[in-house]
Amino acid sequence: MRVSELRGASFARVKAIIAPCLLLIAALGPATSLMILRIDQNASFIPKDPVYRTLLTIFPLSTFLLAVLLVQARYRIRLLQAKEAEAVQSAGLDPLSKLPNRLSFDFLLETAMDRSTLELPIALFAIDIDHFKTINDTYGHQAGDQLIVGIAERIRRVIRDRDCLARVGGDEFSLMLAEVTSASQCAAMAHRLHDAMLAPFDTGDMQIFATLSIGVALSPQDGEARSVLMAAADLALYRAKHEGRNRFAFFDKTMEQKLHLDMTIEDDLREAIKADALTILYQPQISGSTGRLCGVEALVRWHHPRLGMISPEEFVPLAESRGLIGPLGEWVLRRACTDSRRWPSLRMAVNVSPVQFRNRGFVETVRLIIAESGIEPQRLELELTEGVLIQDADQAESVIMDLRAQGIRMGLDDFGSGYSSMIYLRRFAFDKIKIDKALLASMECSGEGAIIVDSIISLGHALGLTVTAEGVEQKDQVEFLQKLGCDELQGFYFSAPLPADEIDTMLSLEVWTQENAAMNASVSAA
Ligand code: C2E
Ligand code: CA
Ligand code: CA
């Protein structure tokens, strides 16, 4: 405490004693004079003049009234001061979690950074609740709010008094550890935070499990300015999420380079879409019963001029996060529908990313492209993954219905890889399920994998759906799947994804049988 503050405090104490004394005098004065007037009207010290007598009565009375007014004013000022203090306090706190908000955290962080040294740095943890949006959409905003309060409480329990936790965004917390002695101290804290989330959270009548992704950066090592340190922690958080969430990552310099690369790739991808520089390969789908080619799946490819071939598994998520999935998806759909005119006997399957599916105007875009290319909508099959259905079921249902109303077929991709809930199959009107290739790889024709594949095929058929198995690589898998009555087969055993010209050639062979497929496979192996 500073000297001026000490002086202020003692002055306040003096005021606290003097004020009631003055009030007492103001009240006692008139009371005494009134009493005297009443007791002995003829006392020698009381003037006989009526004017003086009146003044003697009025003067103390007015002093009394003045004192009352003073007390009232003082009370009002106190009330105003209390409200002001409350407002100032709440301006620095997040109303839901009662933790410091971003504004006050920024101030505290900057103050702590001023004192940090290379030997005793401070650590900034950027903490994000995994899949919070899905939790909010699934369980409702009230449950989401309760979860935030619960998580804040659990984190508070595992940190020390001198650490500072703040809620800096919807599902984001910032934690500052002062005077960090080693990186392992930060790692231990991150483990404690993860452990604190292990038990489920009670939100009314539901139990919710939550996990955290955490990015850690140190100051002054990773940034001497507040904004630089925060960007470093955010980059580390990005890495933690990218590596599968429910984990933590420390910032390192290569992350900046990676971000820079992502940004260059983003520009290049934008250009490639505009300049028609992407290509599509088509992977044959074979009828399980006839062994004939019955459809193809469109799989996009990008040959980067400097970096070579980049997998769709890398650039589709990039396109999703950088707002490019709309143009990319539209480009693929338009090209696939145009190519499909060459193969009137085949169905055309096109993958739709969840972000693209949720874009407003998606249904209309599909309608326009079908009209433009002139293909029969019944030949187009859009493949969705479960992610679409979990995030906003009502919206997904209505979009699926709109697409089906146009005659388009809907397929559920990668079935068996996620939750694979039967509820999805009952609720959403799919025409087809595609058994995930990982499930097929685990199938040893007699083990558990085989039982699951068998059940999925039976379930699909019981619901009147077409069942496709993808990732078919071996002859015994083909025989097993055919025995189970699997409708369509797709995989390297038959063919890798091919350029459109090669599909033309394949169709020019009169029939596509398993024998020439196997022959094809052995030729390409050679
Ligand atoms: P997916 O939809 O599950 O596509 C099947 C993937 O499995 C393809 O990989 C295909 O080349 C590969 N594959 C085919 N047969 C076999 C096999 O026998 N064994 C194995 N191990 N793999 C096989 P690709 O082309 O690299 O595509 C990967 C993923 O990228 C696709 O998975 C799909 O989710 C996404 N993708 C591809 N093209 C597009 C697109 O145009 N739009 C969107 N949104 N996503 C796309
Ligand atoms: Ca697919
Ligand atoms: Ca798939």
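For the structure, check the block above.
Our subject in this report is the structure included herewith. Computed from a predicted model, the values in this text were never measured in an experiment.

1. Quick word on the pattern of salt bridges
Next up, step 1: Tallied over the entire structure, the rule returns 34 salt bridges.
Next up, step 2: Between Asp339 and Arg342 there is a salt bridge whose closest N-O contact spans 3.6 Å.
Next up, step 3: The partner of Arg347 in a salt bridge is Glu488, with the nearest N and O atoms 2.4 Å apart. Of the two residues, Arg347 sits in strand E11 (residues 347-351) while Glu488 sits in strand E16 (residues 488-490), which places them 141 residues apart along the sequence.

2. Comments concerning the environment of Asn359
Next up, step 1: Structurally, Asn359 is set in the loop between helix H11 (354-358) and helix H12 (362-373).
Next up, step 2: For Asn359 and Gly326, which are 33 residues apart along the polypeptide, the C-alpha to C-alpha distance reads 7.4 Å.
Next up, step 3: Once you skip the residues sitting within four places of it in the chain, Asn359 turns out to touch Ile325 and Gly326.

3. Observations concerning helix H6 (residues 183-196)
Next up, step 1: If you check H6, its first and last C-alpha atoms are 20 Å apart, about what 14 residues at 1.5 Å a residue would give, namely 20 Å.
Next up, step 2: Residues Cys186, Ala187, Met189, Ala190, Leu193, His194 and Ala196 constitute the buried set of H6.
Next up, step 3: Residues of H6 that are buried make contact with strand E1 (122-129), helix H5 (141-158), strand E3 (172-177), strand E6 (212-219) and strand E7 (248-250).

4. Describing the nonpolar core
Most often, soluble globular proteins keep nonpolar side chains buried together rather than apart.
Next up, step 1: Grouped together as the largest cluster of nonpolar side chains are 78 residues, with contacts concentrated most on Tyr282, Phe357, Leu380, Leu382 and Leu403.
Next up, step 2: In terms of residue count, the dominant contributor to this core is helix H10 (residues 325-340) (seven residues).
Next up, step 3: Once residues within four sequence positions are removed from consideration, Phe357 is found in contact with Val352, Phe362, Leu384, Val388, Ala396, Val399, Ile400 and Leu403.

5. Describing the coordination of the calcium ion (ligand 3)
Next up, step 1: For the calcium ion (ligand 3), every protein donor is listed as Asp413 (OD), Asp414 (OD), Glu470 (OE) and Glu470 (OE), and the spread of their distances is 2.0 to 3.0 Å.
Next up, step 2: Counting the intervening residues between successive donors of the calcium ion (ligand 3) yields the motif D-D-x55-E.
Next up, step 3: A separation of 3.9 Å is found between the calcium ion (ligand 3) and the calcium ion (ligand 2), which are bridged by Asp413.
Next up, step 4: Residue Asp413 is classed as buried on the basis of its relative accessible area of 8%.

6. Things to note about H5
Next up, step 1: Along its 18 residues, H5 runs 26 Å from first to last C-alpha, staying within 8% of the 26 Å computed at 1.5 Å per residue.
Next up, step 2: Among the residues of H5, those classed as buried are Ala143, Gly144, Leu147, Ile148, Gly150, Ile151, Ala152, Arg154 and Ile155.

7. Looking at the pairing of strand E15 (residues 466-470)
Next up, step 1: For E15, the tally of buried residues reaches five of five residues, placing the bulk of the element in the interior.
Next up, step 2: Here E15 shows no split at all, with Thr466, Thr468 and Glu470 on one side and Val467 and Ala469 on the other all buried.
Next up, step 3: Bridging between strand E14 (residues 432-435) and E15 involves four bridges; their strand directions are parallel. By the bridge assignment, Lys432 is partnered in E15 with Thr466.

8. A closer look at the coordination of the calcium ion (ligand 2)
Next up, step 1: For the calcium ion (ligand 2), the full set of protein donor atoms is Glu297 (OE), Asn351 (OD1), Glu383 (OE) and Asp413 (OD), and the range of their distances to it is 2.2 to 2.3 Å.
Next up, step 2: You can call Asn351 partly exposed: its relative accessible area is 29%.

9. Considerations on the packing of helix H7 (residues 226-242) against helix H8 (residues 253-274)
Next up, step 1: Relative orientation of the contacting elements H7 and H8 amounts to 75°, with a least axis distance of 10 Å. On the basis of their axis angle, the class for H7 and H8 is roughly perpendicular. Residues Leu235, Ala236, Tyr238 and Arg239 of H7 form the contact with H8, whose own contacting residues are Thr254, Met255, Glu256, Leu259 and Asp262.
Next up, step 2: Within the contact of H7 with H8, the residues separate by chemical class into five nonpolar, one polar and three charged.

10. Observations regarding the pairing of E1
Next up, step 1: The buried count for E1 comes to eight of eight residues, which makes it a mostly enclosed element.
Next up, step 2: Alternating residues of E1 divide into Ile122, Leu124, Ala126 and Asp128 and Ala123, Phe125, Ile127 and Ile129, and every residue in both groups is buried.
Next up, step 3: Looking at chain direction, E1 and E6 are connected through eight bridges and run antiparallel. Note on E6: the bridge partner recorded for Asp128 is Ser213.
Next up, step 4: In this structure, E1 lies alongside E3, joined through six bridges in antiparallel fashion. When the sheet's bridge partners are listed, Phe125 is paired in E3 with Leu175.

11. Focus: the sheet that holds E1
Next up, step 1: Taken in spatial order, the five strands line up as E2-E3-E1-E6-E7 in an open sheet, and their pairing is mixed. The open sheet has two edge strands with one neighbour each: strand E2 (164-169) and E7. Ignoring which end each strand starts from, the neighbouring axes of this sheet average 20° apart.
Next up, step 2: Here five bridges tie E2 to E3, and the two strands are oriented antiparallel to one another.

Rules of the game
Residues numbered from 1 in each chain as written. Chains lettered and ligands numbered in written order. Predicted model: local features only at pLDDT ≥ 70, side-chain atom pairs only at ≥ 80, totals over all residues. Heavy atoms only, no water. Salt bridge = Lys/Arg side-chain N within 4 Å of Asp/Glu carboxyl O. Helix = DSSP H or I, 4+ residues; strand = E, 2+ residues; numbered from the N terminus. Contact = heavy atoms within 4.5 Å. Expected span 1.5 Å × (residues − 1). Buried < 20%, exposed > 50% of the residue type's maximum accessible area, 1.4 Å probe, protein only. Core = buried A, V, L, I, M, F, W, Y, C linked by side-chain atoms within 4.5 Å. Donors = N, O, S within 2.8 Å, 3.2 Å for Na, K, Ca; no water. Pairing = 2+ DSSP bridges. Axes fitted to C-alpha atoms, helices over the stretch in contact; angles between N-to-C directions. Parallel < 35°, antiparallel > 145°, perpendicular 65-115°, else oblique. Nonpolar A, V, L, I, M, F, W, Y, C, P; charged D, E, K, R; others polar.

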